[in-house]
Amino acid sequence: MRQACPVPEPTHHSQPKRSDHPHSATLRRLEKASGRLSAAAIARMDEQLPWYRAMPPENRSWIGLVAQAGIAAFTEWFRHPEAPQAISTDVFGTAPRELTRAISLRQTVEMVRTTIEVVESAIDEVAAPGDEAILREALLVYAREIAFATAQVYAQAAEARGAWDARLESLVVNAVLSGEADEGVLSRAAALGWNSPDRVVVVLGTAPDGDSELTVEAIRRAARHAKLQVLTGVFGDRLVVVAGSHREALDPIRTAKDLIGPFAPGPVVAGPVVGDLLAASRSAQAAAAGLKACAAWPDAPRPVLADDLLPERAMAGDPAAREQLVEEIYRPLEEAGSALLETLSVYLEQASSLEGAARMLFVHPNTVRYRLRRVTDVTGWSPSDVRSAFTLRIALILGRLSATDQ
């Protein structure tokens, strides 16, 4: 007769039974008291934390679940203190990610502190006789772990929000650069903290090598120091800054100088001041054309206005610069009378000589001098200045060409 094979006794590699726990009595009492402790924590938050009382019911219910999960996680941690515990998942995983936007880190710390205080005040009641010190020490260690878990949750949320904000900011700045800014861009900018300044200027230059995030942060620090709002980004080798302010007189050169530190060596161009973010595309396009044309003016100041580069921009094929030179210089001179156009043309042809121009025009040199002052009054450019004379000469050429096209 065959003998039955003995059945081997099962070996248990799982967690020990509750009765095997060295403080099983305290563990049982802690489990029974968890619901009461959670309710007490919620009641104390309602009593001591004004921001909690002011929250909508949905968020209060989520916070209540977080408090309950925290006490439950402490119970589980007390049962197996040697086992690795994912406290952030156990506690904060019960609430939606949006809760990190609804309550601040400071408020979360207050919530955790209140819950820990409630449990600590009940230790003498919950712990089995002789286990009070053990439970208090366990709560102290658990509180430290909860503090680290809280910091981790908010750090992850901040990183995710920062990455999203960076992408959103890049979309806004790219829309300004490409001339596609619309009402949707305004709403995206508002989400980034842009509060619709009524003076806006775009500054362009070369981006430095290295981490673009460090460059963007350096621009933001400079903007805070200068009390400017900025939207910024690195696009290829270009660093683009859209700066805004509510100042009545926003000086583009001063703005560019305030922000110039993070730019790489090379030209930095400031576009004209415009009235809002929707009009900033005009400033951006002028600055971009100026940056492209800067190679034709090696001695250009740094930073330089896009309008100071009008002749180079026009020669590089920028239609906006050509139109601006004709409309802001040639047309006003034309409307002021033929004498101004003729005097300016002769003066420039005579190598800026008053006497030479006077002889060619058969007038007194003082007459030439008076007419040139009128040219300055009408156009804002002085014929006696070498750089201005160059700009005026290009404007005259373009104006004559436009007249032949009509």
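Residue numbering note: each chain is counted from 1, following its sequence as written. Confidence filtering applies because this is a predicted model: local features only for residues at pLDDT of at least 70, side-chain atom pairs given and counted only at 80 or more, and all residues used for totals across whole chains, interfaces and linings. Processing note: side-chain calculations cover all non-hydrogen atoms of the structure and skip hydrogens and water entirely.

Draft legend 1. Main features of the overall build of the chain. Counting its secondary structure elements, the chain contains 18 helices and 5 strands. Here's how the labels work: a residue is buried when its accessible area is under 20% of the maximum for its type, exposed when over 50%, partly exposed in between, all with a 1.4 Å probe on protein chains only. Counting only residues that meet the buried cut, the chain has 45% of its 406 residues in that class. Whether two residues are in contact is decided by their heavy atoms: any pair within 4.5 Å suffices. Of the contacts formed within the chain by residues at least 6 apart in sequence, a portion of 68% connects residues at least 24 apart. The Shrake-Rupley method, run with a 1.4 Å probe sphere, supplies the accessible areas, and residue values consider only the shown protein chains as cover. Total accessible area on the chain stands at roughly 22,000 Å², and carbon and sulfur atoms take up 53% of it. Going along the chain from the N terminus, every DSSP run of H or I of four or more residues is numbered as a helix, and every run of E of two or more is numbered as a strand.

Draft legend 2. Structural context of the confidence of the model for the chain. Confidence scores here are pLDDT values: one per residue, from the predictor, ranging 0 to 100. Taken as a whole, the chain shows an average pLDDT of 84; of its residues, 85% reach a score of 70 or greater. No element of the chain has a lower mean pLDDT than helix α4 (residues 87-92), at 50, and none a higher one than strand β4 (residues 268-270), at 97. Note that pLDDT drops below 50 for residues 1-18; the model gives that stretch 8 contacts with residues more than four away or on any other chain.

Draft legend 3. Molecular detail of the pairing of strand β2 (residues 229-235). Burial runs high along β2: 5 of the 7 residues are buried. With 7 bridges connecting them, β2 and strand β3 (residues 238-245) associate as antiparallel partners. Counted as the bridge partner of Val 234 is Leu 239 from β3. Between β2 and β3, which pair antiparallel and follow one another directly, the connecting turn spans 2 residues, one of which, Gly 236, has a positive phi of 65 degrees. The pairing criterion for strands is at least two bridges between them, as found by DSSP.

Draft legend 4. Region of interest: the nonpolar core. To qualify as a nonpolar core, a set must consist of buried Ala, Val, Leu, Ile, Met, Phe, Trp, Tyr and Cys residues joined through side-chain atoms within 4.5 Å. If you look at the biggest cluster of nonpolar residues, it comprises 33 residues, and the most contacted ones within it are Leu 37, Trp 51, Ile 63, Phe 74 and Leu 135. For this core, the elements supplying multiple residues, two or more each, are α1 (24-48), α2 (50-53), α3 (57-79), α6 (105-121), α7 (123-126) and α8 (132-178). When residues in this core are grouped by element, the largest group, 8 residues, is from α3. The contact partners of Phe 74, leaving out residues within four places of it in the chain, are Leu 30, Val 119, Leu 135, Ala 138, Leu 139 and Tyr 142.

Draft legend 5. Spatial organisation of the sheet that holds β4. Taken in spatial order, the 5 strands make up an open sheet running β2-β3-β1-β4-β5, and their pairing is mixed. Edge strands, defined here as strands with exactly one partner in the open sheet, are β2 and β5 (304-305). Bridging between β4 and β5 involves 2 bridges; their strand directions are parallel. Bridged to Ala 270 within β5 is Leu 305.

Draft legend 6. Here's a closer look at the packing of aromatic side chains. Stacked, tilted and edge-to-face are the three classes applied to pairs of Phe, Tyr and Trp rings, where Trp contributes its six-membered ring and a pair requires centres within 6.5 Å; stacked means planes under 30 degrees apart, edge-to-face means over 60, and tilted covers the rest. What the rule picks out here adds up to 3 aromatic pairs. For the ring pair Phe 74 and Phe 78, a centre distance of 6.4 Å and an interplane angle of 45 degrees mean the geometry is tilted. Remark: Phe 78 and Phe 74 occur in helix α3; sequence separation between them is 4 residues, near one turn of the helix. A single burial state applies to Phe 74 and to Phe 78, both of which are buried. Residues Phe 74 and Tyr 142 carry aromatic rings whose centres are separated by 5.2 Å and whose planes lie at 50 degrees to one another, so their mutual orientation is tilted.

Draft legend 7. Looking closely at the pattern of salt bridges. Throughout this description, the term salt bridge denotes a Lys or Arg side-chain nitrogen within 4 Å of a carboxyl oxygen of Asp or Glu. Scanning the model with the defined rule gives 15 salt bridges in all. Ionic pairing is found between Arg 36 and Glu 125, a salt bridge with its closest N-O pair at 3.4 Å. Placement of Arg 36 in helix α1 and of Glu 125 in helix α7 is noted, with a sequence separation of 89 residues between them. For Arg 36, a relative accessible area of 42% corresponds to the partly exposed category. The partner of Glu 349 in a salt bridge is Arg 393, with the nearest N and O atoms 3.5 Å apart. Remark: Arg 393 occurs in helix α18 (residues 386-405) and Glu 349 occurs in helix α15 (residues 338-349); sequence separation between them is 44 residues. Bridged by salt links that share partners, the residues Glu 31, Glu 76 and Arg 79 form one connected network.

Draft legend 8. Inspection of helix α17 (residues 365-379) at higher detail. Each helix should span, by expectation, one fewer than its residue count multiplied by 1.5 Å. Its 15 residues place the ends of α17 21 Å apart at the C-alpha level, agreeing with the 21 Å of an ideal helix rising 1.5 Å per residue. Looking only at α17, the buried set comprises Val 368, Leu 372, Val 375 and Thr 379. Along the axis of α17, the buried residues cluster in a sector spanning 50 degrees; they form a single face. Gly 380 sits one or two residues past α17 and shows a positive phi near 85 degrees. The directions considered for the arc are those from the helix axis to the C-beta atoms.

Draft legend 9. Representation of the environment of Ala 73 in the model. The residue Ala 73 is located in helix α3 in this model. Along the chain, Ala 73 and Tyr 142 lie 69 residues apart, while their C-alpha atoms are 9.3 Å from each other.

Draft legend 10. Spotlight on unusual backbone geometry. Here the bond from Arg 302 into Pro 303 is cis, since omega is 0 degrees, no more than 30 degrees from zero. Along the chain, Pro 303 turns up in the loop between α12 (280-293) and β5. One non-glycine residue, Ser 196, adopts positive backbone phi at about 55 degrees. Here Ser 196 lies in the loop between α9 (183-191) and β1 (199-206). For Ser 352, which is not glycine, the phi torsion reads 60 degrees and is therefore positive. By the element assignment, Ser 352 lies in the loop between α15 and α16 (354-361).

Draft legend 11. The packing of α1 against α3, seen in detail. Fitting a line to C-alpha atoms yields each axis, with helices limited to the stretch in contact; the angle taken between N-to-C directions then spans 0 to 180 degrees. One way to put it is that α1 packs onto α3 with a least axis distance of 9 Å and a crossing angle of 155 degrees. With respect to α3, the axis of α1 lies roughly antiparallel. As α1 runs across α3, the sense of the crossing is right-handed. Across the interface between the two elements, Thr 26, Leu 27, Leu 30, Glu 31, Ser 34, Leu 37, Ser 38, Ile 42, Met 45 and Asp 46 of α1 pack against Arg 60, Ile 63, Gly 64, Ala 67, Gln 68, Ile 71, Phe 74, Thr 75, Phe 78 and Arg 79 of α3. Note on residue classes: Ala, Val, Leu, Ile, Met, Phe, Trp, Tyr, Cys and Pro are nonpolar, Asp, Glu, Lys and Arg are charged, and everything else, Gly too, is polar. Here the contact of α1 with α3 is composed, by residue class, of 10 nonpolar, 6 polar and 4 charged. We call two directions roughly parallel when the angle between them is under 35 degrees, roughly antiparallel when it is over 145, roughly perpendicular when it lies between 65 and 115, and oblique otherwise. In a left-handed crossing the near helix is turned counterclockwise from the far helix by less than a right angle, and in a right-handed crossing that turn is clockwise.

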